[in-house]
Amino acid sequence: MKILVTGGSGLLAPYIAEQFSCAGDLILTSRNDPHYPCDLTKPQEVSALIDEVFPGVVLHLAAMTNVDYCEEHPEEAIAANATTTRNLVTALAGSEAYFVYISTDQIYPDGEGPFCEEGSGPVNHYGKSKLAGELEAKKYMNSLIVRTNIIGPSRTSGRDSLSDFFIKAFSEKKQISLFKDVLFSPLHMATLAQVLLQCYEQDLRGTYNLGSHEGMSKKDFALKLAEQKGLDASQVTITDSTNIPGRAPRPRDLRLNVACFESMSGIKLPSLQEEIEKL
């Protein structure tokens with residue numbers, strides 16, 4: 001069986017490849033991939049790729065994730081996050097392939113979490129474009145839509161995760177601001193990849209939150225990470241995200257309620273403290 005992974009040059013792809021290598025022949029694609037190049041915004045290229053590979057599983061990781069860039073370039077955000085999904089779903093029509101769409105916690109409103117899957121209300125163009133991508137993915141019957149946030153060491157040259165950013169800043173004693181008003185509940189990329197493989201093995205379909213239990217502020221996350229790594233965090237400034245000018249609007253509470261996923265899958269997700277310890 002062939003397993004097609006889009007966004008092959010992204011942060012999550014190496015972790016997905018590691019987990020899914022036991023399930024079939026992996027094919028990673030990106031716009032500049034030397035073996036399987038594909039501009040996913042172009043339906044003809046997507047159709048040709050699907051016809052060539054004939055995948056049994058498609059993991060759609062490719063996305064435009066820079067929130068501020070998406071806010072300034074909403075049409076590009078829609079193309080990257082929704083049009084690509086529509087093109088893949090269209091090309092898969094009549095197929096029995098298992099389709100996974102990686103969405104985001106940014107589809108939720110600026111309210112009080114943890115959020116359940118029933119609601120949405122993105123406050124920025126990134127969240128709106130990913131929600132539009134979800135609607136495209138739902139048109140394909142055999143789909144799994146995952147709302148999540150990720151941490152973990154990058155295995156991709158030139159790409160840093162949030163945890164990488166904090167570790168480098170502490171190691172280099174840089175002055176950075178930590179937001180005490182922004183809450184989240186991310187998963188380590190290794191955890192997410194492992195759980196997605198279990199979802200595939202169960203043929204789980206639908207839309208689910210995949211996050212950690214007992215989320216915390218990004219300030220607390222960063223300080224606990226520094227403690228875990230034995231790094232000096234004395235150079236930081238503690239502030240509210242609203243004090244930083246020029247940023248795109250963002251929800252301040254991005255914690256995810258994962259009860260529905262745990263009930264449907266029988267998979268117990270870890271606490272955020274456990275995920276920090278994996279770092």
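Residues numbered from 1 in each chain as written. Predicted model: local features only at pLDDT ≥ 70, side-chain atom pairs only at ≥ 80, totals over all residues. Heavy atoms only, no water.

Engineer: Would you explain the nonpolar core in this entry?
Structural biologist: Here is a general trend for soluble globular proteins: nonpolar side chains tend to be buried in one another's company. The biggest cluster of nonpolar side chains holds 36 residues, and the ones touching the most others in it are I16, L59, L144, L196, L210 and F261. With seven residues, helix α7 (residues 189-202) is the largest single contributor of residues to this core. If sequence neighbours within four positions are ignored, I16 has contacts with V5, L59, L61, A193 and L196. (Core = buried A, V, L, I, M, F, W, Y, C linked by side-chain atoms within 4.5 Å. Buried < 20%, exposed > 50% of the residue type's maximum accessible area, 1.4 Å probe, protein only. Helix = DSSP H or I, 4+ residues; strand = E, 2+ residues; numbered from the N terminus. Contact = heavy atoms within 4.5 Å.)

Engineer: How should the packing of aromatic side chains be read in this particular structure?
Structural biologist: To describe a pair of aromatic rings, you give the distance between the ring centres and the angle between the ring planes. A complete count under the given rule lists nine aromatic pairs for this structure. Centre to centre, the rings of F20 and Y200 are 6.3 Å apart; their planes meet at 45°, and the pair counts as tilted. On the criterion of sequence distance, the pair formed by F20 in helix α1 (residues 13-20) and Y200 in helix α7 is long-range, its members being 180 residues apart. A residue is classified by how much of its surface remains accessible, and Y200, at 23% relative accessible area, is partly exposed. With a centroid separation of 6.2 Å and 15° between ring planes, the pair formed by F166 and F170 is classed as stacked. Here the residue F166 and the residue F170 both occupy positions in helix α6 (residues 162-171), the gap between them amounting to four residues, near one helical turn. Both residues of the pair, F166 and F170, belong to the buried class. Within the aromatic cluster, the residues linked to one another by ring pairs are F165, F166, F170, F184 and F221. Sitting over the face of the ring of Y15, R155 holds its NZ or CZ atom 3.9 Å from the ring centroid. Over the ring of F184 we find K218, and its NZ or CZ is 5.2 Å from the ring centre. (Phe/Tyr/Trp six-rings, centres within 6.5 Å; stacked < 30°, edge-to-face > 60°. Lys NZ or Arg CZ within 6 Å of the ring centre and 35° of its normal.)

Engineer: Looking at this structure, I do not really get the sheet that holds strand β5 (residues 143-148). What am I missing?
Structural biologist: The strands making up a sheet are joined through hydrogen bonds of the backbone, oriented either antiparallel or parallel. Spatially, β2-β1-β3-β4-β5-β10 is the arrangement adopted by the six strands of the open sheet, whose pairing is parallel. Edge strands, defined here as strands with exactly one partner in the open sheet, are β2 (25-29) and β10 (206-210). Ignoring which end each strand starts from, the neighbouring axes of this sheet average 15° apart. As judged from the four bridges shared by strand β3 (residues 57-60) and strand β4 (residues 98-102), these two strands associate in the parallel manner. (Pairing = 2+ DSSP bridges. Axes fitted to C-alpha atoms, helices over the stretch in contact; angles between N-to-C directions.)

Engineer: What is the right way to read the pattern of salt bridges from this model?
Structural biologist: One side chain can pair with another of opposite charge once the charged atoms of both are near each other. Enumeration over the complete set of coordinates arrives at 16 salt bridges. One salt bridge in this structure joins E18 and R155, with 3.3 Å as the shortest N-O distance. Here E18 is found in helix α1, whereas its partner R155 is found in the loop between β6 (150-151) and α6, with 137 residues between them in sequence. Overall, the relative accessible area of 46% leaves E18 in the partly exposed class. (Salt bridge = Lys/Arg side-chain N within 4 Å of Asp/Glu carboxyl O.)

Engineer: For this particular structure, what's the right way to read the sheet that holds strand β8 (residues 183-184)?
Structural biologist: One open sheet accounts for three strands, arranged β11-β8-β13; its pairing is mixed. In this open sheet, the two edge strands, each paired with only one partner strand, are β11 (216-217) and β13 (253-254). Bridge analysis of β8 against β13 gives two bridges, and the strand direction is parallel. Within β13, the residue paired with L183 across the bridge is D253.

Engineer: I tried to follow the state of the cysteines on my own but got confused; where do I start?
Structural biologist: One covalent bond between the sulfur atoms of two cysteine residues makes up a disulfide. On inspection of all chains with the given rule, the structure shows zero disulfides. Between C70, a cysteine without a disulfide, and C38, which holds the nearest cysteine sulfur, the sulfur-to-sulfur distance is 20 Å. Residue C70 is classed as buried on the basis of its relative accessible area, which comes to 0%. Note on C199: no disulfide assigned, nearest cysteine sulfur contributed by C260 at a separation of 12 Å. Assessed through its relative accessible area of 0%, C199 is described here as buried. (Disulfide = S-S within 2.5 Å.)

Just distances and angles here, no functional claims.
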